[in-house]
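Reading the structure
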Amino acid sequence: MGSELTYRGHEPQRTSDSYSAKPNKPWLAVTRLVRYMLREQRLLFVLVGIAIATSVFALLPSSNNTSTGRMTDAYSISESVHMMNPRRSVYPAGLDSFNMGGKIPLGLKRKGLRIVVTGGAGFVGSHLVDRLIARGDSVIVVDNFFTGNKDNVMHHFGNPRFELIRHDVVEPLLLEVDQIYHLACPASPRVGARFLLTSTSEVYGDPLQHPQVETYWGNVNPIGVRSCYDEGKRTAETLTMDYHRGAGVEVRIARIFNTYGPRMCIDDGRVVSNFVAQALRKEPLTVYGDGKQTRSFQYVSDLVEGLMRLMEGEHVGPFNLGNPGEFTMLELAQVVQETIDPEAKIEFKPNTEDDPHKRKPDITKAKELLGWKPKVPLRKGLPMMVADFRQRIFGDQKSSGATAAATTTTSTTA
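This text gives an overview of the structure that appears in the document. Just so you know, these numbers come straight off a predicted model, no measurement behind them.

Helices and strands together make up the secondary structure of the protein chain, namely 10 helices and 16 strands. Scored against the burial criterion, the 414 residues of the protein chain give a buried share of 44%. The contacts in the protein chain between residues at least 6 apart in sequence include a share of 77% that link residues at least 24 apart. Here the protein chain displays about 22700 Å² of accessible surface, and carbon together with sulfur accounts for 56% of that area.

Time to look at the side chain of R295. Position of R295 among the secondary structure elements: in strand β12 (residues 294-296). Only 3.0 Å separates the side chain of R295 from the side chain of D355, close enough to count as a polar contact. A polar contact is formed between the side chain of R295 and the backbone oxygen of P356, at a distance of 2.9 Å.

So, on to the pattern of salt bridges. Opposite charge on two side chains lets them pair, provided their charged atoms get close. Tallied over the full model, the rule gives 19 salt bridges. A salt bridge links R270 to D268, with the shortest nitrogen-to-oxygen separation between them at 3.1 Å. A relative accessible area of 30% places D268 in the partly exposed class. One salt bridge in this structure joins R379 and E338, with 3.7 Å as the shortest N-O distance. Taken together, the residues span a long stretch of sequence, with R379 in helix α10 (residues 378-400) and E338 in helix α8 (residues 329-339) at a distance of 41 residues. Considered together, R379 and E338 belong to a single accessibility category, that of exposed residues.

Counting residues in each nonpolar core, the largest one holds 64 residues, and the members touching the most others are Y181, V272, V276, F297 and L382. In contact with V276, not counting residues within four places along its chain, are V336, I340, L382, M385, V386 and F389. Residues I140, A193, V249 and I253 belong to the second largest nonpolar core, which totals 18 residues.

This paragraph deals with the packing of aromatic side chains. In this structure the tally under the stated criterion is five aromatic pairs. Ring plane angle 25 degrees and centroid distance 6.1 Å describe the contact between Y204 and Y216, whose orientation is recorded as stacked. Of the two residues, Y204 sits in the loop between β8 (194-200) and α5 (227-247) while Y216 sits in the loop between β8 and α5, which places them 12 residues apart along the sequence. Each member of the pair, Y204 together with Y216, is buried. Centroid distance F297 to F327: 6.5 Å. Interplanar angle 45 degrees. Geometry classified as tilted. Highlighted residues: F297 in the loop between β12 and β13 (298-299) and F327 in strand β15 (residues 326-328), separated in sequence by 30 residues. Under the relative-accessibility criterion, F297 is labelled buried at 1%. Over the aromatic face of F145 sits the side chain of K150, whose NZ or CZ is 5.2 Å from the ring centroid. Sitting over the ring of F319, K365 keeps its end group 4.9 Å from the ring centre.

This paragraph deals with the packing of helix α4 (residues 123-135) against helix α7 (residues 300-312). Following both chains from N to C, one finds α4 and α7 inclined at 60 degrees, their axes separated by 9 Å at the closest point. Taken as axis vectors, α4 and α7 run oblique relative to one another. For the pair α4 and α7, the sense of crossing is right-handed. Where α4 abuts α7, its residues F123, V124, H127, L128, R131, L132 and R135 lie against V300, S301, L303, V304, E305, L307, M308 and E312. Its residues placed into classes, the contact of α4 with α7 shows nine nonpolar, two polar and four charged.

Turning to the packing of helix α6 (residues 271-280) against α8, a few remarks are in order. Close contact between α6 and α8 brings their axes to 10 Å; oriented N to C, the two are set at 40 degrees. Between α6 and α8, the interaxial angle falls into the category oblique. As for how α6 packs across α8, the hand of that crossing is right-handed. Each of V271, V272, F275, V276 and A279 in α6 lies in contact with α8, whose residues at this interface are M329, L332, A333 and V336. Residues belonging to the contact of α6 with α8 are distributed by class as follows: nine nonpolar, no polar and no charged.

Attention now goes to the pairing of strand β6 (residues 162-166). Counting buried residues in β6 gives four out of five residues, a clear majority hidden from the surface. When strand β5 (residues 138-143) meets β6, the two strands line up parallel, connected through five bridges. The residue bridging I140 from the neighbouring strand is E163, located in β6.

With respect to the helices and strands, the residue R255 is situated in strand β9 (residues 251-256). Other than its neighbours up to four places away in sequence, R255 contacts S199, T200, S201, V203, Y204, E214, Y216, E237, P318, F319, N320 and L321.

The subject of this paragraph is a nonpolar patch on the surface. On the surface, a cluster of nonpolar side chains totalling about 350 Å² of accessible area is made up of L44, V48, I52 and V56. On the basis of relative accessible area, V48 is assigned to the partly exposed category, the value being 40%.

Here is what the cut-offs are and how they apply
Every chain is numbered independently, its residues counted from 1 as its sequence is written. Residue-level local features of this predicted model are given only where pLDDT is at least 70; pairs of side-chain atoms are given and counted only at 80 or more, and the full residue set underlies all totals for whole chains, interfaces and linings. Values reported for side chains reflect all heavy atoms of the structure, with hydrogen atoms and water molecules removed beforehand. A run of H or I in DSSP counts as a helix once it spans at least four residues, and a run of E counts as a strand once it spans at least two, with each numbered from the N terminus. When accessible area is computed with a 1.4 Å probe and restricted to protein chains, residues below 20% of their type maximum are described as buried, those above 50% as exposed, and intermediate ones as partly exposed. Here a residue-residue contact requires only that any non-hydrogen atoms of the pair lie within 4.5 Å. Every accessible area reported is derived by Shrake-Rupley at a probe size of 1.4 Å, with residue values counting cover from the shown protein chains alone. The definition of a polar contact used here is a pair of N or O atoms within 3.5 Å, where within protein one atom must be able to donate a hydrogen and the other to accept one, and adjacent residues in sequence count solely through side-chain atom pairs. By convention in these notes, a salt bridge is any Lys or Arg side-chain nitrogen within 4 Å of a carboxyl oxygen on Asp or Glu. Nonpolar cores are built from buried Ala, Val, Leu, Ile, Met, Phe, Trp, Tyr and Cys residues. Side-chain atoms within 4.5 Å join them into one set. Two rings belonging to Phe, Tyr or Trp (six-membered ring only in the last case) form a pair when the distance between their centres is within 6.5 Å. Interplanar angles under 30 degrees mark stacking, angles over 60 mark edge-to-face geometry, and anything in between is tilted. In our convention, an over-ring charge means Lys NZ or Arg CZ found within 6 Å of a ring centre and within 35 degrees of that ring's normal. Simply put, an axis is a line fit to the C-alpha atoms, just over the touching stretch for a helix, and the angle between two N-to-C directions goes from 0 to 180 degrees. Roughly parallel here means an angle under 35 degrees, roughly antiparallel means over 145, roughly perpendicular means 65 to 115, and every remaining angle is called oblique. By the definition used in this description, the sense in which the near helix is turned from the far one sets the handedness, with an anticlockwise turn below a right angle giving left-handed and a clockwise turn giving right-handed. Polarity classes work like this: nonpolar for Ala, Val, Leu, Ile, Met, Phe, Trp, Tyr, Cys and Pro, charged for Asp, Glu, Lys and Arg, and polar for all others, with Gly in that last group. One requirement defines pairing of two strands: DSSP has to find at least two bridges between them. Here a patch means residues that are over 30% exposed by relative accessible area and free of salt bridges, tied together within 9 Å if like-charged and within 5 Å if nonpolar (Val, Leu, Ile, Met, Phe, Trp, Tyr).

Printed below as a string of structure tokens:
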């Protein structure tokens, strides 16, 4: 007699006395899983979870940041020095996040490079260090502090991706690195890294071509009062290209035109820093000659971006890096008056020997091959420099009790 089963419907069901196994269905488990994932939008929630996890891992700091920062020097830095007020980044909004490698795919991190910056505690070098560290690179600053200032990089002390070595680059120094930004004056080629030489617009001397293109050979007096700098940079370019052609060293050459910005030496004899310091100290602005000689002035953040694009690109150069906006010395003095003190006086003095009459970069090559052009005009960049100078000049006077400073000689060196 067959057994009787009662179901939820409470209707009796007859079953057969003979039982036979159901045929095997190998895809039944897969079908059930698919149906389960599609039911109530479960697949959507899984995909959202994967995306969130990927974003979290992409934003986590790399594991090599767990070590402590180092400083190699003839003396140690105390904790009290480390806690001093740092020099903060002074780039216009948005430039700190500049990424040379373009967009990074979701879930992947850009591999940081190990980079040497000679003269990295100086004016331009310290700004370059800021950008490289912000990009995620490890930076070794090599500086003998002849013109550089430790305060310019103090805000990086304790950063595991920053190292400072007090060293004169005329002496050998062996380091394992990926790139070298050579901002110190004496040349010191190293093996196995891409080498960028920061040359200068002074290689064009008192140019007979205006504006100056990179193929122009220049007009330089080899025995003039300015020749030690002019010819020194021309020789550095020659040696750099000799190493490139003869030894296969990867090199880049940048010809830098007049640059200004925070952290410039206050009394370094450059025309912008002298005008600003004189106006703040209520001294006459010293103009040499008739003031009609011209220069082009670029803000330091524009220069740093150009150097980084040059280093990361595939072109040797040389490249002109400068702002094509051209000002006479009188026009520059007037902009400083407008920015600081409209009542500031202008004092004329005899011109210096071999002072170039005109200087303006042709940056067509940099635009086409590097995708670079300056973004900060003089009237926007100068107030940021003035704020830094005002704090340092009057802050130094308060701390030292000094009320006067020595006057300086203005030159128009890049």
